[in-house]
Amino acid sequence: MQRFFLGLLALGVLAVVSLIVLPSFVSSDWMRAELSRQLSSATGSSIALKGPVRLSVIPHLAVVAEDVSLDAESDGVTAEIGEVAGSVTLSSLWADRLHIREVRLIRPLVVIRPKSETASTAEAGGSAGDNGEAKPNDPLAALVAFLERSAIDTISISEGTLRQGNAAGATEVVSDLDLTLQAPDIDRELSLSAGARLDDRHYKIALSVTPLRPLLERKPADLSLSVETDPALAPGLTQLKASGQVALNSNGSYQIRGGKLHVGDEELNLDALFIPGDRPRFMADLNADRLNFSAFAGTSGLGSSQSTAGTPQKQPTSAGLQALTGFDADVSVTVGALTINDISASHVALTAALKDGLLTTRLEHLGIDAGGISAEISADVRKNEPTFKGRVTSKGLDISKLAGLAGLSVPLSGALAVDSGFAFRGLGGDAFRKSANLSGTASLRDAIFMVPGVNDPSMNQVKIKKLAVKIDDLTKPVLFSGNLVWRGKAVDADLRLPVRDLLSGSVPDELPLKLDLRTPEATLSLDGKAALGGSYAGKANLAVADLRALLAWVGQGGGDSIEQFAFKGEVNAAPTGVSFQKASLSVNGVEGSGNGSVALGTPLKISGALHFAELDLARLAGARPAAPQAKGKASSPEPKDAPLDLSSLRTIDASIKVDAERLGYGRVFAGPVATTLVISEGVASLDLPESPFYGGRMAASLKADGTGEQASIALKASIAGASAAPLLIDLANFKHLEGALQAQFDIAGAGATTGALKRALQGSANVRFSDGAIRGIDVADVYNNLVGLMSSGFKQNENKATGFTELGASFAIENGVARTEDIKLIGPLVRMSGSGEANLPDDQLNFRLDPRVVASLEGQGADIATEGIGVPVMIEGSFAAPRIYPDLSGLLKNPDAALSALKKLGLPTGKLKLDELLSGGGKAGTIRDIIGGAIGKPQKEGGDQLSIEEIIGGKAAEGSETPPAPPAEEQAVTPEVPAEQPAPEAQQLDQQPAAETEQPQEEGGTLGKLFNQLLQ
């Protein structure tokens, strides 16, 4: 490069001087050749004058040469100059100093190429040594020596271009180069002004040295340097100025002591050293006690440039940095206090070293508010695309103030800590985005994020207790892990995003997304691809433990009937709706699987096909599942009331194909079932085709109406051949009826809770049981043991049953109470009629059955007999534990009929004196009198008196002592024996000795004492 600049200087001078030795009559071709030879010999470069050469003598001696080329191969420099002009004062040719009026280069095009290996080796061998001494052929020293013998009015370059050459071709680096040098006298000022465009910024440089002579005498001279840029380096920063005294050292280096660097209105102390040579070296120390750069930190950010709207911005080229390979440098900056807007930094220490094309910069310390930052970066600028790498560490930085430093406003505040390495290649945004890579961690603590576009103060603030970012490599997704608080509840979040894709200039249509959210009410996992437009495709896993609480947390109502919700499957979501495939879902514990879609809008439009192992409509409506019953223990009562809210049906239009292995309500199920659930205008309809049901078949139609203030449900069903025992146990925990059931139901009701729904039920029901039994009582056995029953009372026994061939009744249901007047039972030995009611809201039964016991099996299946003895059977109490007992008090209401019936049954009424007791002919009086006298006495320990019905019904045994059981002979009476024949038991009684029939006189119940007296 030194030879190149010397050549440019000598080109103009020697062209003028050559006029002295070249006579005017010499041909122009010979003159061009001779000038080319002498200029090449003087500069050590190959110079050719290819165009016309014009000479003039008046008023000054001048020469103009067009189309001049220069080739300094050893320096890797070539130049094409459109025109070279020079002129001298004629009188100075005979004076001691040559007066050069002008040397002008117009449209020079300079191309710098990599030096040849031989030239580089030779240059390296002759470069400045480690002792920092400058080479003797310093261009400035040579210029000063030349100026001692010359006076130069102007040396100028206009419309110049500098290009950096490489194997791929030439790249423009500097354009629009204009330069002017003036040095009229060594004892006067030397001034240099230049302007050029580099990338998208235009630079102007002004340099002055006053005067030049002290430099030759190794004395200080005043130096002034200014640099202006357009656009500005930063808002308001359009000019840099440096001033001081420069001195030429004995080793050929130039030193500035006590200089000043002005950055806008701010001033730094400057000490610098420049060592010229084949590889120049520059060293500088800058320091200041206090700097305020707030004026330069505008909205565009440091280092940014303003652009005209609609004008594309040219990206900076990397080739310009190759100019740094031509010299070495060491720079240090120390600032006691630095202020930029709200940022206050202290003890700032920055060092930069450039050697052999390797740039290393270290920010040793930067204290910002309560935190600090340190960084280091190294760059290799020898290649066409420079590479950068480094590391940044910080603690306790306020992210909102850092954003303000960059001229940005972000809705985030908090303490930021960073420990990350980075690397990228090239200059400009595109090159950075394509090549940038990071590795390390970052964390944000005690931060607040304000959600954009949300005005509600309770919803627009997210507190970030901790947010950690871990980056292994930008080619891999980056992990964001956070502990957040929103609306008073904690949220744990893990998010993986491909940051490299976001940094790239062209963001792909879809980005891989992996998200895990955990709250006290719900967990959400996404693993798929998302688009910036709001769509998502991939796997989704949502589990909600309390949907109502979750909806209330996000500011939404509804979900009163749904507590638990879970979904897992493949999802395609868009702003207009969502579809799912291969999904499994659970609502209030009801689990299903299948496919479907939801179109967002009002109402929601839902379609799908779902399979359920067990579809419980009661649990879907909000009823809790029945608690499991422990073995050997009575089942705990179910809650009588549960919320029943069907208002969500108003917002849904749906058609869902349902395939269920078991479908039902509560504990009552049918199945397998294939049907379609239709929801339209707030009404859900479900028609069940004929399906297996408790060993039989069932068909039903169910409607749930959510349009009113209260939920309304209507059911029509028909049952054929179902097993009654398990059905009634599941339906009402009723365990006392067996048989094959035929039934028709048509019921409806409305209510806000299940209890209110039961109290509002209306409709009708017809039921018929065949080939079954009523468990808990054997009516025939009651008649076989009347004497024992009247002695000790009736005890309900679950192992006994009253068999029947047919049992039927029709019910009218009103306000949840099912009433009947036409109960009809036909059995082998028993006929019954009856009436009563089943109170569904209160879970109570109250039935009275009027049986007639016949003496033989004849007539089974016929109408109910009317000649038997009447002992009504009462069924009272709860569904789960009803009390079934015979009402023996009827014996006292019609004694003649009772006596006639007992005789027909074969009882020895004469032997037992029952005829006297029942008719009143005996000495002791009638049974009523005896019982009335017995119960007329107060019980022991002051107990209350019992009614006849209670005594005969079995409560006589509740006294202080249990009455003794009658002898076995008195208990067995077989009604199957024809009425004309005495009962075998009676014959045995007649034949037994008196001693065997006598029983010990023990205190017992009232009836026990009565029948002991009768048997004596």
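Residues numbered from 1 in each chain as written. Predicted model: local features only at pLDDT ≥ 70, side-chain atom pairs only at ≥ 80, totals over all residues. Heavy atoms only, no water.

**Brief notes about the overall build of the chain**
Our working rule: Here a helix means four or more residues in a row that DSSP labels H or I, a strand means two or more in a row labelled E, and each is numbered from the N terminus. Each residue is assigned to one of three classes by its accessible area relative to the maximum for its type, calculated with a 1.4 Å probe on protein chains only: buried under 20%, partly exposed between the two thresholds, exposed over 50%.
Across its full length, the chain carries 23 helices and 47 strands. Burial status across the chain gives 40% buried among its 1016 residues.

**So, the confidence of the model for the chain**
Operational definition: What pLDDT reports is the predictor's confidence in each residue, on a scale of 0 through 100. Residues count as neighbours in contact if any of their non-hydrogen atoms are within 4.5 Å of one another.
When pLDDT is averaged across the chain, the result is 74; 67% of the residues are at 70 or more. Between residues 856–868, whose pLDDT stays under 50, and residues either more than four places distant or in other chains, the model counts 28 contacts. Here residues 922–926 scores under 50 on pLDDT; set against residues more than four positions off or in separate chains, the count is eight contacts.

**Some points on the nonpolar core**
We apply this condition: The criterion is simple. A nonpolar core is a set of buried Ala, Val, Leu, Ile, Met, Phe, Trp, Tyr and Cys residues joined through side-chain atoms within 4.5 Å.
Within the largest apolar cluster, 77 residues are counted, with the highest numbers of intra-cluster contacts made by Leu-615, Leu-663, Phe-693, Ile-719, Leu-737, Leu-741 and Phe-769. If we ignore the near neighbours within four places in the chain, the residues touching Leu-615 are Val-590, Leu-620, Val-658, Ala-660, Arg-662, Leu-663, Gly-664 and Phe-669. Leu-61, Ile-256, Leu-268 and Leu-366 belong to the second-largest nonpolar core, a separate cluster that totals 49 residues.

**Considerations on the side chain of Ser-156**
Mapped onto the elements of the fold, Ser-156 is located in strand 6 (residues 150–166). Given the relative accessible area of 14%, Ser-156 is considered buried.

**With respect to the pattern of salt bridges**
Formally: In the sections that follow, a salt bridge refers to a side-chain nitrogen of Lys or Arg positioned within 4 Å of a carboxyl oxygen of Asp or Glu.
Taken as a whole, this structure holds 18 salt bridges when the rule is applied. The partner of Asp-653 in a salt bridge is Lys-605, and the shortest N-O contact between them spans 3.8 Å. Here the residue Asp-653 occupies a position in strand 33 (residues 652–660), and Lys-605 occupies one in strand 31 (residues 604–612), the gap between them amounting to 48 residues. In this structure Lys-605 comes out as partly exposed when scored by relative accessible area, which is 48%. Salt-bridge contacts for Asp-850 lead to Arg-848; the nearest nitrogen and oxygen are separated by 3.3 Å. For Asp-850, a relative accessible area of 24% corresponds to the partly exposed category. Members of the salt-bridge network, linked through shared partners, are Glu-83, Glu-102 and Arg-104.

**Re helix 11 (residues 724–732)**
Side chains three or four residues apart in an α-helix point the same way, a direct result of the helix having 3.6 residues per turn. The criterion, for reference: Arc definition: directions from the helix axis to the C-beta atoms.
Among all positions of helix 11, only Ala-724, Leu-727 and Leu-728 are buried. Down the axis of helix 11, the buried set is contained in an arc of 95°. They therefore lie on one face. Packed against the buried residues of helix 11 are strand 35 (668–670), strand 37 (683–693), strand 39 (711–723), strand 40 (737–751) and strand 41 (762–776).

**Some remarks on the sheet that holds strand 34 (residues 663–665)**
Inclusion rule: Each pair of strands is called paired provided DSSP finds at least two bridges between the two strands.
With respect to topology, three strands assemble into an open sheet ordered 32-34-35, the strand pairing being mixed. Edge positions in the sheet fall to strand 32 (615–616) and strand 35, since each of these pairs with one other strand and no more. Direction of pairing for strand 34 relative to strand 35: antiparallel, over a ladder of three bridges. Bridge pairing links Tyr-665 to Val-668 in strand 35.

**Quick look at the packing of aromatic side chains**
Inclusion rule: For this analysis, a ring pair means two rings from Phe, Tyr or Trp (six-membered ring only for Trp) whose centres lie within 6.5 Å, classed as stacked if their planes differ by under 30 degrees, edge-to-face if by over 60, and tilted for the remaining angles. The rule is short: NZ of Lys or CZ of Arg within 6 Å of the ring centre and within 35 degrees of the ring normal puts a charge over the ring.
Under the criterion given, the structure shown has six aromatic pairs. With centroids separated by 6.5 Å and ring planes inclined at 20°, the aromatic side chains of Phe-422 and Phe-424 adopt a geometry described as stacked. The exposure class of Phe-424 is buried, given its relative accessible area of 18%. Here the aromatic rings of Trp-486 and Trp-553 are separated by 5.2 Å at their centres, their planes lie at 70°, and the arrangement is edge-to-face. You can see Trp-486 sitting in strand 23 (residues 478–486) and its partner Trp-553 sitting in helix 9 (residues 547–553), a full 67 residues away along the chain. Overall, Trp-553 belongs to the buried group, its relative accessible area being 11%. Taken together, the aromatic side chains of Phe-388, Phe-422 and Phe-424 make up a single cluster linked through ring pairs. Against the face of Tyr-885 rests Arg-883, its NZ or CZ located 4.1 Å from the ring centre.

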